[in-house]
Structures are given as C-alpha cells and as structure tokens.
Amino acid sequence: MGMFNFFRNTADINTGVAEYEKTDGSVLLDVRTPEEYRDGHIDGSINLPLDRISFAEDAVKDKNAQLYVYCYSGSRSEQAVACLKKMGYINAVNIGGISSYRGKVVL
C-alpha cells in the first residue's frame, strides 16, 4: 500500500445508502452546505452542515441511532463523524461523497 492510499477515502456511498435504507431507525446526514443540499441531495437525508455539527442533538436525539453521514467527497463527512463520536454518537459512520452516488437525487 502506497503512502497516498492511506489517505484515500474508501467509503462507498452506494453501499452506505443501501444499508441506511434497510436499517430501521437509522438517520442519513448530509453535512454539506445548505446551498449544496438544495442543489440535490439523497431523499430522506437531513441537512446538518459540518460547521453546525455541534447542533447534532437538535436533529438526532438518540445517541445510539445508526447515523450514515455523507458530503460531496467524503472529507467533511469524515470530520463530522469524528465530531459526532466525540459528542457520544456511537454508531456514526462515514459513507463517503455524493459525487460517487449512482442513485436518484432530489431537489
């Protein structure tokens, strides 16, 4: 494994969305900006921009809930998951970026 492969985001948003859809009580979080969210997002997702992640408890009360987190490329969602875990969300997972999503997006 090369040095740069260590930093490569290996999350697959398509697999992550499929898991979200079959997991009862799970939450799909889009941590992009409100403008990016309005330009197209995955149906059922909640917009909680990375710069407002400290307000996660307003959007998701249950810290045991399964959270599937995405952004544009996977970088912001990786940061968001780290913050969420520090806040006590034990089931937060980065599923990557919508730029690789093959499903339908809604406006």
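Quantities reported herein were computed from a predicted structural model and do not represent experimental measurements. (Residues numbered from 1 in each chain as written. Predicted model: local features only at pLDDT ≥ 70, side-chain atom pairs only at ≥ 80, totals over all residues. Heavy atoms only, no water.)

1. Describing the pattern of salt bridges
For the structure shown, the criterion picks out 4 salt bridges. Residue Glu-35 pairs with Arg-38 through a salt bridge whose shortest N-O separation is 3.8 Å. One end of the pair is Glu-35 and the other is Arg-38, both in helix H2 (residues 34-38) and 3 residues apart, which spans about a single turn. Of the charged contacts in the structure, one is a salt bridge between Arg-76 and Glu-36, with a shortest N-O distance of 2.8 Å. In this pair, Arg-76 is assigned in helix H4 (residues 75-86) and Glu-36 in helix H2, connecting sequence segments 40 residues apart. (Salt bridge = Lys/Arg side-chain N within 4 Å of Asp/Glu carboxyl O. Helix = DSSP H or I, 4+ residues; strand = E, 2+ residues; numbered from the N terminus.)

2. A closer look at helix H1 (residues 13-22)
Within the sequence span of H1, burial applies to Ile-13, Asn-14, Gly-16, Val-17 and Tyr-20. For H1, the arc enclosing every buried residue in end-on projection is 160 degrees, short of the 170-degree limit, so these residues lie on one face. Packed against the buried residues of H1 are strand E1 (27-30), strand E2 (41-42), strand E4 (67-71) and strand E5 (92-97). (Buried < 20%, exposed > 50% of the residue type's maximum accessible area, 1.4 Å probe, protein only. Arc of directions from axis to C-beta. Contact = heavy atoms within 4.5 Å.)

3. Digging into the sheet that holds E4
Here 4 strands make up an open sheet; going across it, the order is E3-E1-E4-E5 and the pairing parallel. For this open sheet the edge positions go to strand E3 (46-47) and E5, each flanked by a neighbour on one side alone. With respect to the sheet, H1 is in contact with E1, E4 and E5, its orientation differing from that of E5 by roughly 135 degrees. (Pairing = 2+ DSSP bridges. Axes fitted to C-alpha atoms, helices over the stretch in contact; angles between N-to-C directions.)

4. Overview of the pairing of E4
Across the 5 residues of E4, 5 count as buried, placing the element largely inside the fold. Going residue by residue along E4, you find Leu-67, Val-69 and Cys-71 tucked away on one face and Tyr-68 and Tyr-70 tucked away on the opposite face as well. Where E1 and E4 come together, 4 bridges link them in parallel fashion. Paired with Leu-29 across the strands is Val-69, a residue of E4.

5. Remarks on the confidence of the model for the protein
Mean pLDDT over the protein: 93, with 91% of residues reaching 70 or higher. Of the regions scoring below 50 in pLDDT, residues 1-8 engages in 1 contact with residues more than four places distant in sequence or in other chains. (pLDDT = per-residue confidence, 0-100.)

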